[in-house]
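Structure at a glance
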Amino acid sequence: MGTGGKILVVDDNIDLRIMVSKMLSRLGYEVSSADSAENGLGVFFKDKFDLVLSDYEMPGMDGVAFACSVKKSSPRTRVVIMTGAGKETVFSRKSTAVDKVISKPFTLAEIDETIQNLSGEALCA
């Protein structure tokens, strides 16, 4: 199951935020969440996270801009963007700040596989 890493979930949709947080908790991760990129940065800077899972389309700062801010302060933190917009939209703006894009809706198995593939050594550090 999960490796017990710490994950920050950022999404302005409360239902999705709760659902994803519950999924990750079930997989054995320690989960924190925020309802915007700005609030997410506040949480991120207060603690250490192995991985950040962020929505792409949010009011104010979007997921890619958020990913850039995360990487500036913590280059080794993995960032996964969740999107309903289609991966091409995110990848067309993709900077090296985004490690992976996952399309909504996704299953528990898909989110677990995405994290496992990324975490190799990162979540075990």
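Whatever comes next refers back to the structure up there.
For every chain, the first residue of the written sequence is number 1, and numbering continues from 1 along that sequence. Only residues with pLDDT of 70 or above have their local features reported here, since the model is predicted, and side-chain atom pairs are shown and tallied only from 80 upward, although totals for entire chains, interfaces and linings are computed over all residues. Calculated side-chain values reflect all of the structure's heavy atoms, with hydrogen atoms and water omitted.

1. Observations regarding helix H3 (residues 63–73)
Accessibility here uses a 1.4 Å probe with only protein chains present; expressed as a share of the type maximum, an area under 20% marks a residue as buried, one over 50% as exposed, and anything in between as partly exposed. Only runs of H or I of at least four residues qualify as helices and only runs of E of at least two qualify as strands under DSSP, and these elements are numbered from the N terminus. Inspection of H3 places Gly63, Val64, Phe66, Ala67, Ser69, Val70 and Lys71 among the buried residues, and these make up the whole buried set. Two or three places before Val64, at the opening of H3, Asp62 has a side-chain oxygen 3.0 Å from that residue's backbone nitrogen. Two N or O atoms count as a polar contact when they lie within 3.5 Å, although within protein this holds only if one can serve as hydrogen donor and the other as acceptor, and sequence-adjacent residues are included solely when both atoms are side-chain atoms.

2. Points about the packing of helix H2 (residues 37–46) against H3
Two elements in contact, H2 and H3, have axes whose closest approach is 10 Å; the angle formed by their N-to-C orientations is 15 degrees. On the basis of the axis angle, H2 is roughly parallel to H3. Of the two elements, H2 crosses H3, and the hand of that crossing is right-handed. Contacts between H2 and H3 involve Ala37, Gly40, Leu41, Phe44 and Phe45 on the former and, on the latter, Phe66, Ser69, Val70 and Ser73. Taken together, the residues that form the contact of H2 with H3 break down as six nonpolar, three polar and no charged. Lines fitted to the C-alpha atoms define the axes, with helices restricted to the stretch that makes contact. Angles between their N-to-C directions range from 0 to 180 degrees. Put simply, angles under 35 degrees are roughly parallel, angles over 145 are roughly antiparallel, angles from 65 to 115 are roughly perpendicular, and the rest are oblique. Left-handed describes a crossing whose near helix is turned anticlockwise from the far helix by less than a right angle; the clockwise case is right-handed. Here a residue-residue contact requires only that any non-hydrogen atoms of the pair lie within 4.5 Å. Residue polarity is assigned by list, with Asp, Glu, Lys and Arg as charged and Ala, Val, Leu, Ile, Met, Phe, Trp, Tyr, Cys and Pro as nonpolar; anything else, Gly included, falls into the polar class.

3. Examining the packing of aromatic side chains
Two numbers describe a pair of aromatic rings. These are the distance of the centres and the angle of the planes. Only centres within 6.5 Å qualify two rings of Phe, Tyr or Trp (six-membered ring in Trp) as a pair; their planes then separate them into stacked at under 30 degrees, edge-to-face at over 60, and tilted for everything else. Inspection of every chain in the model, using the stated rule, returns two aromatic pairs. Each ring, one from Phe44 and one from Phe49, has its centre 6.2 Å from the other, and the planes form 20 degrees; the classification is stacked. Both residues of the pair, Phe44 and Phe49, belong to the buried class. An aromatic cluster is defined as three or more aromatic residues linked by ring pairs; in this entry it consists of Phe44, Phe45 and Phe49. Charge-over-ring placement is defined geometrically: NZ (Lys) or CZ (Arg) within 6 Å of the ring centre, and within 35 degrees of the ring normal. Over the ring of Phe49 we find Lys6, and its NZ or CZ is 5.6 Å from the ring centre.

4. Here we look at helix H1 (residues 14–26)
Taking 1.5 Å of rise per residue, 13 residues should cover 18 Å, and H1 covers 18 Å from first to last C-alpha, within 8% of that figure. Leu16, Arg17, Val20, Ser21, Met23 and Leu24 are the residues of H1 that are buried. The arc that holds every buried residue of H1, seen down its axis, measures 160 degrees, which confines them to one face. Within H1, the exposed residues directed more than 90 degrees away from the buried face are Asp15 and Arg26. Residues of H1 that are buried make contact with strand E1 (6–10), strand E2 (30–34), strand E3 (51–55), strand E4 (78–83) and helix H5 (108–119). Sitting at the amino-terminal end of H1 is Asn13, which places a side-chain oxygen 2.9 Å from the backbone nitrogen of Asp15. Positive backbone phi, approximately 100 degrees, marks Gly28, located one or two places after H1. To estimate the expected span of a helix, subtract one from its residue number and multiply by 1.5 Å. Regarding the arc, it is the one traced by the directions from the helix axis to the C-beta atoms.

5. Observations regarding the sheet that holds E4
Two strands make a pair as long as DSSP finds a minimum of two bridges between them. In spatial order, the strands read E2-E1-E3-E4-E5; together these five strands make up an open sheet with parallel pairing. Looking at the sheet topology across the chains shown, the edges are occupied by E2 and strand E5 (100–103). Neighbour-to-neighbour, the strand axes of this sheet turn through a mean angle of 20 degrees, independent of strand direction. Pairing of E1 with E2 involves five bridges; the strand directions are parallel. The partner of Leu8 across the bridge, within E2, is Ser32. Contacts from H5 reach E1, E3, E4 and E5 within the one sheet, and its direction differs from that of E5 by about 175 degrees.

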